[in-house]
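Fold and geometry: a report
The primary structure of each chain is shown beneath.
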Amino acid sequence: SSNNSSNNNNKMSMRRGATSNFASGSWQELVHDVYIGTITGASHFPYFLKTWTVEYILLPFLQITRLSSVLFPSLVQDQQAISDQSQSHQPKDLKVVGIGFGRTGTYSLTLALEELGYPTLHTQHLYENKDIQQMWSDLIFNPSLAKGRAELGTPDFDVITRHGYEATTDFPMALYYDQIHERYPDCKFILTTRDNSEKWFKSWDTLTKTITAPTYYGGWFISGVRHYSVYLRWLFAVVNKDDSFLTSNRPKMLQYKQAAVDSYETHNQRVRELIPSHQLLDYSVKQGWQPICDFLEIADCPTTPFPKTNSARSVQVQAVSGALVPLILVLFCVFTLFTRVFQFATGMTPLSWLQFQRDVALPRMVNRVFLNAKHPQDHHEHSVSKAGKVKSS
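As the structure is a prediction and not an experimental result, all values here were calculated from the model.

**Description of helix H6 (residues 130-147)**
Every α-helical turn comprises 3.6 residues, leaving residues that sit three or four positions apart pointing alike. Spanning 18 residues, H6 covers 24 Å between terminal C-alpha atoms, matching the ideal 26 Å at 1.5 Å per step. The largest bend along H6 measures about 45 degrees and falls at Ser 137. Buried within H6 we find Ile 132, Gln 133, Met 135, Trp 136, Ser 137, Ile 140, Phe 141 and Ser 144. Taken from the residues just after H6, Gly 148 is the one with a positive phi, measuring 70 degrees.

**Points about the packing of aromatic side chains**
One pass over the full model with this rule turns up 20 aromatic pairs. Measuring from ring centre to ring centre gives 5.2 Å for Phe 245 and Tyr 256, while their planes differ by 70 degrees; the resulting arrangement is edge-to-face. You can see Phe 245 sitting in helix H11 (residues 244-247) and its partner Tyr 256 sitting in the loop between H11 and helix H12 (257-274), a full 11 residues away along the chain. Judged by its relative accessible area of 1%, Phe 245 falls in the buried class.

**Comments concerning the nonpolar core**
Ile 99, Trp 136, Phe 171, Ile 180, Trp 204, Tyr 231 and Trp 234 are the most contacted members of the largest nonpolar core, which has 49 residues in total. Elements with a minimum of two residues in this core: H6, helix H7 (157-161), helix H8 (177-183), strand E4 (188-192), helix H9 (197-218), helix H10 (223-240), H11 and H12. Per-element tally for this core: the top contributor is H10, with 9 residues. Look past the residues within four positions of Trp 204 in its chain and what remains in contact with it is Gly 102, Arg 103, Phe 171, Leu 235, Phe 236, Val 239 and Gln 255. Judged by nonpolar contacts, the second largest core, of 17 residues, contains Ala 167, Tyr 283, Phe 295 and Leu 296.

How each quantity is defined
- Residues numbered from 1 in each chain as written.
- Predicted model: local features only at pLDDT ≥ 70, side-chain atom pairs only at ≥ 80, totals over all residues.
- Heavy atoms only, no water.
- Helix = DSSP H or I, 4+ residues; strand = E, 2+ residues; numbered from the N terminus.
- Expected span 1.5 Å × (residues − 1).
- Bend = angle between axes of the 7 residues up to and from the residue.
- Buried < 20%, exposed > 50% of the residue type's maximum accessible area, 1.4 Å probe, protein only.
- Phe/Tyr/Trp six-rings, centres within 6.5 Å; stacked < 30°, edge-to-face > 60°.
- Core = buried A, V, L, I, M, F, W, Y, C linked by side-chain atoms within 4.5 Å.
- Contact = heavy atoms within 4.5 Å.

Printed below as a string of structure tokens:
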């Protein structure tokens, strides 16, 4: 379907350079992060533009004219495929679930699980799966918003597995380890962590400040981003243990360090207490492939470098790139329209008009000013004479 195609395209952009290893703090790592962030951020715009065009222009027009099957049969087939996938496919079991908090290497783990053969859903692609996102909104986020209280509730995991996903990582699924363990007793869990809580919060704080405003304003135009913005408000309320993040009229970006760190540490402790040791891998992405391969009993372990992507710096560049691309396009369209109107009104392009002002109008003005300065008395007498004629008439 088109959603899966977009999902794959965005994963490809995130996968670019993910296996490149550079020394921490080196200029190569800086250039790498800027490059990856720029490419990934820019790749979001075509998806959002296509989604907005289809959602607010194409589909309403086709519904009114009833020309869907005639003009855009592929679009109808895509929509039907999405519907069939969410309704007729039998739900499967989740085999692997990454239950580490966001900013613990969850996207690197996603790429690794994909390479090992597990179709994996990461929160970064949640908005690209409409029925999955709608499930979270209907069952969890919107009811919490209506109550003014962030509650975990009970998600419908079947909606996720019907799409063929065998693994998930990051929020919100990481919060439901107890329900997942009860529903899928054979599922294996990977708890990703950082070196210490301080490093985790620094990365988490950077992320929240970077993505909150873009998702809020993007939600004005695209329903999928609007749902994602509500999800972030719910998530921040859960992590910070403060429902005002959910009920505030505008998104709150300032995280409560002590509360967030406590949530992070308490989550990790409870996971270790609840999940049996033979089903839990306590893991840092710095450990590479071998612990994951051993845990999942994969004999043919990859020899390529372990994926390394979605750093805090890269996320910041993504946000800037994602904002600049549409801004540049809008400015280009505005300038093009202005040029056409200006040429129609004056018969000249703006550049030709500026050249004319420089070559003709400006010298005339300079000469006039120079002559007035050179013969002020003549200019005064001319002005008096002209005023007298006007008065006598």
